[in-house]
Amino acid sequence: MAVPVAFFALFFAYPVTAIVGRGLKAEGDWQFGRVGEVLSRPDILDVLWFTTWQALASTALTLLIALPGAYAFARFDFPGKQVLRAVVTVPFVLPTVVVGTAFLALLGRGGLLDELWGVRLDTTVWAILLAHVFFNYAVVVRTVGGLWSQLDPRQEEAARVLGAGRFAAFRRVTLPALAPAVAAAALMVFLFTFTSFGVVQILGGPAYSTLEVEIYRQTAQLLDLPTAAVLTLVQFAAVGGILAVHAATVRRRERALKLVDPAQTSRRPRGAGQWALLGGVLLTALLLILLPLGVLVERSFDGPGGYGFGYYEALQSVGAGGSSTFLVPPLEAVGNSLRYALVATLIALVIGGLAAAALTRRAGRLVRGFDALLMLPLGVSAVTVGFGFLITLDKPPLDLRTSWILVPLAQALVGVPFVVRTMLPVLRAVDDRLREAAAVLGASPLRAWREVDLPLVRRAVLVAAGFAFAVSLGEFGATVFIARPDNPTLPVAVARLLGRSGELNYGQAMALSTILMLVCAVSLLLLERIRTDRSGEF
């Protein structure tokens, strides 16, 4: 626990505490009375209510739509499965501003729904909820599906032989085994939607505002740092309470499971019901995932003179069309993002792996509290974290403002919770008697981990690496504050282009977003291939 605790204390707790402290101090004195003043305002109460209920609705809708997909990817073997698994993960790395714009083209004025049926959903809650499902579909599919594919189906079949119906066998045998993974996925979805920023700002319009949107508005537009600090504290407290409840309830339902090779559980669909389920999953992926991405690609080629590669060619030069947005060609952001994401993934795997290993030991309240603390970066304003980096990591021996490592550190903060939540259910499912048997035979703790735990969790490690790499590629909230002008990441480059007027800037933003989408898809597809080649899994 020592290394993860030190990492989070230095690169999370310290910057957040510093920025909140500046907001609540006036002339050296703490102004705690400001908290009550802010929370008594009707507009702030409306923001708190909307933030909470839209996050709950988004989480429930995502689970409802994505759990059938998790089952299909875990149990069915069909052509194009690896490609589709990579494609459904792509939305998770796209900048929220790009996704908001793509959904606006589908649901807003002049969008696809407006042209076909005269229906507009922009500035409504439904647009926000659908965009949140688009973002988080892969979280449920990969987190729950990863464990589901390793559950022995013969346990459910035995229940069927003993007279249980299909639903009863699932409810009494499979669902309790999946409960930790489902809870972990639901928690991640809730935290992401609870702190939603770009989607709400673009699709919700001025009528809807989450805590994250309000923190940004108070900080960047109204320059009211005390109000932003109070809202950050509220967000922090709410997320901390949710994580504490989660840690207390889920741990009671965890137990050792019999895990098998996923190759033994995957087969072609049988019967009309299974084919219909697979067809429904594929149709959902087509309408929910591929359609918005298709709009994104189409706009990247739709230039003033017709379809072509004009926007892509403009990415190779500085100041195309008279723009001074970048000090380097925007295309260099591709290499920057890949380098940063690889380093961030390595950091997240080391920190998250150590944390997950520590959490498998049942050591009382200290470990349970540590479990909750690891998830806090997902629930605290990225604006606060990024701004905190700038004002705290600027003095020796930690003067990192001009160092390239600052960006991967910020990205790893978001990646670590995904590594922990992906690996932890599988690690806790390993039977302790296997480790004890290895110890009796003379294996050291390190060798027992290498010979017992690692083969069983290898797949979870690769899934965790994929998640960490994906979220690092798409991280925007904190990176926008600390990425240097001569080394922008892809999301930062896209945001800068969208922030400038002109058709050329908008077209280049769509082209860069398409490149980001393709880079993610190829990376995740390679991960699937490595997983197949080295672990014998589908």
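Right, let's walk through the structure included here. (Residues numbered from 1 in each chain as written. Predicted model: local features only at pLDDT ≥ 70, side-chain atom pairs only at ≥ 80, totals over all residues. Heavy atoms only, no water.)

1. Some details on the overall build of the protein
For step 1, the next point in the chain: Helices and strands together make up the secondary structure of the protein, namely 24 helices and 6 strands.
For step 2, the next point in the chain: Across the protein, every contact between residues at least 6 apart in sequence was considered, and the portion connecting residues at least 24 apart equals 80%.
For step 3, the next point in the chain: As displayed, the protein has an accessible area near 22700 Å², and 64% of this comes from carbon and sulfur atoms. (Helix = DSSP H or I, 4+ residues; strand = E, 2+ residues; numbered from the N terminus. Contact = heavy atoms within 4.5 Å. Areas by Shrake-Rupley, 256 points an atom, 1.4 Å probe, with all protein chains shown as cover.)

2. Comments concerning the packing of helix α7 (residues 125-148) against helix α21 (residues 445-474)
For step 1, the next point in the chain: Axis separation between α7 and α21 bottoms out at 10 Å; the angle between their running directions is 170°. Taken together, α7 and α21 sit at an angle that is classed as roughly antiparallel. Counting all contacts with α7, which are made through Ala-138, Val-139, Arg-142, Thr-143, Gly-145 and Gly-146, the residues of α21 involved are Arg-459, Val-463 and Phe-467.
For step 2, the next point in the chain: Class assignment for the residues of the contact of α7 with α21 results in 4 nonpolar, 3 polar and 2 charged. (Axes fitted to C-alpha atoms, helices over the stretch in contact; angles between N-to-C directions. Parallel < 35°, antiparallel > 145°, perpendicular 65-115°, else oblique. Nonpolar A, V, L, I, M, F, W, Y, C, P; charged D, E, K, R; others polar.)

3. Some words on the nonpolar core
For step 1, the next point in the chain: In terms of nonpolar packing, the biggest core is built from 150 residues, with Phe-7 and Phe-389 touching the most fellow members.
For step 2, the next point in the chain: Those residues in contact with Phe-7 that lie beyond four places of it in its chain are Phe-12, Ile-347, Ile-351, Leu-409, Ala-412 and Leu-413.
For step 3, the next point in the chain: Listed in part, the 5 residues of the second largest apolar core include Ala-438, Ala-443, Ala-448 and Val-452. (Core = buried A, V, L, I, M, F, W, Y, C linked by side-chain atoms within 4.5 Å. Buried < 20%, exposed > 50% of the residue type's maximum accessible area, 1.4 Å probe, protein only.)

4. Some words on the side chain of Asn-136
For step 1, the next point in the chain: Secondary-structure assignment places Asn-136 in helix α7.
For step 2, the next point in the chain: Residue Asn-136 is classed as buried on the basis of its relative accessible area, which comes to 2%.
For step 3, the next point in the chain: Leave out the neighbours within four places in its chain, and Asn-136 touches Thr-62, Phe-92, Val-189, Phe-192 and Thr-193.

5. Quick notes on the environment of Leu-293
For step 1, the next point in the chain: Its location among the elements puts Leu-293 in helix α13 (residues 271-301).
For step 2, the next point in the chain: Note: C-alpha distance between Leu-293 and Ala-102 (191 residues apart in sequence) is 7.5 Å.
For step 3, the next point in the chain: Residues in contact with Leu-293, not counting those within four places in the same chain, are Val-90, Leu-94, Phe-134 and Met-517.

6. Section: a nonpolar patch on the surface
For step 1, the next point in the chain: Nonpolar side chains collect at one region of the surface, where Leu-112, Leu-116, Trp-117, Val-119, Leu-283, Leu-286, Leu-287, Leu-290 and Leu-291 lie side by side and expose about 840 Å² of accessible area between them.
For step 2, the next point in the chain: Listed by contribution, the elements that provide at least two residues to the nonpolar patch are α6 (112-117) and α13.
For step 3, the next point in the chain: Considering every element that reaches the nonpolar patch, the biggest residue donor is α13, with 5 residues.
For step 4, the next point in the chain: Turning to its location among the elements, Leu-112 is positioned in helix α6. (Patch = residues over 30% accessible without salt bridge, like charges linked within 9 Å, V, L, I, M, F, W, Y side chains within 5 Å. Salt bridge = Lys/Arg side-chain N within 4 Å of Asp/Glu carboxyl O.)

7. Focus on the packing of aromatic side chains
For step 1, the next point in the chain: All chains considered together, the criterion is met by 14 aromatic pairs.
For step 2, the next point in the chain: An angle of 85° between the planes, with centres 5.9 Å apart, marks the rings of Phe-50 and Trp-53 as edge-to-face. In this pair, Phe-50 and Trp-53 both sit in helix α3 (residues 42-75), 3 residues apart, roughly one turn of the helix.
For step 3, the next point in the chain: What makes Phe-50 buried here is its relative accessible area of 7%.
For step 4, the next point in the chain: By the ring-pair criterion, three or more aromatic residues cluster together here, those being Phe-7, Phe-8 and Phe-11. (Phe/Tyr/Trp six-rings, centres within 6.5 Å; stacked < 30°, edge-to-face > 60°.)

8. Digging into the packing of α3 against α13
For step 1, the next point in the chain: Contact geometry for α3 and α13: axes closest at 10 Å, N-to-C directions at 120°. Between α3 and α13, the angle falls in the class oblique. The chirality of how α3 crosses α13 is left-handed. The segment α3 lies against α13, with Ile-65, Pro-68, Gly-69, Tyr-71 and Ala-72 engaging Gln-274, Leu-277, Leu-278, Val-281, Thr-284 and Leu-288.
For step 2, the next point in the chain: Residues belonging to the contact of α3 with α13 are distributed by class as follows: 8 nonpolar, 3 polar and no charged. (Left-handed = near helix turned anticlockwise from the far one by under 90°.)

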